[in-house]
Structures are given as C-alpha cells and as structure tokens.
Amino acid sequence: MGNQKYISTTALSKLLHVSTSDLFSYLQEIGWERVKNAWTLTNTGTNKGGQYKSDSLRGTWVVWPETIIQELESMISSKTTDTKY
C-alpha cells in the first residue's frame, strides 16, 4: 500500500461523524461498495482508491486512502438536509 495511509470504513465513519451503517449505505448508494456475503468494492470504489486489507484474525475488509476524507465530507454535506447522511 506504499506510503499512502489507508483507513477502514468504520474509522472513516468516525472521522466523518456519521454512523458506520449510514456510511456503508451511502457508499452503496454512490456505487463505491456493494454487499453480497460481505462488503466488496465496485470498479468505481477501486478507482477512488479503495483496497482490501486482511489478516488471519479479522478476515478481509475494505480500506480507503485518507485523502478520500475531504471528498466524502464535501459529498455528504452537499446532500439535502432531509437525509440522514
């Protein structure tokens, strides 16, 4: 993963001050992730820098480059006030 720092979707939700479930729903809505048996990246999510991380204890999960925080903050804040994101 080079010098770029990556964070999990759960950690990203905390930085964005939204619930983890709301962020997963939003990422699915904008086409960056989808859920089958587990959350997986779409081509768009991969193009945005999403990757997979895994270990023997926790399995595999999606991580995002820290640089995505500002883009997501902007996208979330631009949504209408009648949504929960």
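Residue positions are given per chain, counted from 1 along the sequence in the order it is written. For this predicted model, a pLDDT threshold of at least 70 governs which residues receive local features, and a threshold of 80 or more governs which side-chain atom pairs are given and counted, while totals over whole chains, interfaces and linings are taken from all residues. The side-chain values count all of the structure's non-hydrogen atoms but skip hydrogen atoms and water molecules.

Asks: Describe the sheet that holds strand 5 (residues 59-65), naming the residues involved and giving the relevant values.
Replies: Strands pair, by our definition, only if DSSP identifies at least two bridges between them. Strands here are runs of E lasting at least two residues and helices are runs of H or I lasting at least four, both read from the DSSP assignment and numbered beginning at the N terminus. Taken in spatial order, the three strands of this open sheet run 1-5-4, and their pairing is antiparallel. Both edges of this open sheet fall to strand 1 (6-8) and strand 4 (51-55), since each of them pairs with a single strand only. Taken pair by pair, the neighbouring strands of this sheet meet at an average axis angle of 45 degrees, ignoring direction. Sheet topology note: the strand 1/strand 5 ladder contains three bridges and is antiparallel. Note that in strand 5 the partner of Ser-8 across the bridge is Val-63. Axes here refer to lines fitted to C-alpha atoms; in helices the fit is confined to the stretch in contact. Angles between the N-to-C directions go from 0 to 180 degrees.

Asks: Any details on the pattern of salt bridges? Residues and values, ideally.
Replies: One side-chain nitrogen of Lys or Arg within 4 Å of one carboxyl oxygen of Asp or Glu is enough to make a salt bridge. Inspection of every chain in the model, using the stated rule, returns two salt bridges. With a closest N to O distance of 2.7 Å, Lys-48 and Glu-71 form a salt bridge. Highlighted residues: Lys-48 in the loop between helix 3 (43-47) and strand 4 and Glu-71 in helix 4 (residues 68-78), separated in sequence by 23 residues. Put simply, Asp-55 and Arg-58 hold a salt bridge, and the shortest N to O gap is 2.5 Å.

Asks: How would you explain the pairing of strand 4 if you had to name every residue and give the values?
Replies: Sheet analysis places strand 4 next to strand 5, joined by five bridges and oriented antiparallel. The partner of Gln-51 across the bridge, within strand 5, is Val-63. Two successive antiparallel strands, strand 4 and strand 5, enclose a turn made up of three residues.

Asks: Residues and numbers for the side chain of Glu-33, please.
Replies: Topologically, Glu-33 is positioned in strand 2 (residues 33-35). One buried charged side chain, Glu-33, makes no salt bridge at all; its nearest oppositely charged neighbour is Arg-34, positioned 9.7 Å away. A polar atom in the side chain of Glu-33 sits 3.3 Å from the side chain of Thr-9. Note on contacts: a residue pair is in contact if any heavy atoms of the two residues lie within 4.5 Å. Once residues within four sequence positions are removed from consideration, Glu-33 is found in contact with Thr-9, Phe-24, Leu-27, Gln-28, Trp-39, Thr-40, Leu-41, Thr-42, Val-62 and Trp-64. Partly exposed residues are those whose accessible area sits between 20% and 50% of the maximum for their type, while under 20% is buried and over 50% is exposed, using a 1.4 Å probe and protein chains only. For this count, His and the chain ends are skipped, Lys and Arg are scored as positive, and Asp and Glu as negative. Here a polar contact means two N or O atoms within 3.5 Å. Within protein one must be a hydrogen donor candidate and the other an acceptor candidate, and residues neighboring in sequence count only if both atoms are side-chain atoms.

Asks: So what about the packing of aromatic side chains? Which residues, and what values?
Replies: Two rings from Phe, Tyr or Trp (for Trp, the six-membered ring) form a pair when their centres sit within 6.5 Å of each other. Planes less than 30 degrees apart are called stacked, planes more than 60 degrees apart edge-to-face, and all others tilted. Counting across every chain of the model gives two aromatic pairs. Centroid distance Phe-24 to Trp-39: 4.7 Å. Interplanar angle 25 degrees. Geometry classified as stacked. Remark: Trp-39 occurs in strand 3 (residues 39-41) and Phe-24 occurs in helix 2 (residues 20-29); sequence separation between them is 15 residues. On the basis of relative accessible area, Phe-24 is assigned to the buried category, the value being 16%.

Asks: Would you mind going over the packing of helix 2 against helix 4 in detail, with residue names and values included?
Replies: When two helices pack together, their arrangement is given by the angle between the helix axes and the distance between those axes. Between helix 2 and helix 4, the least distance of the axes is 12 Å, while the angle of their chain directions is 90 degrees. When the axis of helix 2 is compared with that of helix 4, the two are roughly perpendicular. Contacts between helix 2 and helix 4 involve Leu-23, Tyr-26 and Leu-27 on the former and, on the latter, Leu-72, Met-75 and Ile-76. Of the residues that constitute the contact of helix 2 with helix 4, the class distribution is six nonpolar, no polar and no charged. Each angle gets one of four labels, with under 35 degrees taken as roughly parallel, over 145 as roughly antiparallel, 65 to 115 as roughly perpendicular, and the rest as oblique. Basically, the charged four are Asp, Glu, Lys and Arg, the nonpolar ten are Ala, Val, Leu, Ile, Met, Phe, Trp, Tyr, Cys and Pro, and anything else, Gly included, counts as polar.

In short, shape yes, function no, at least from these values alone.
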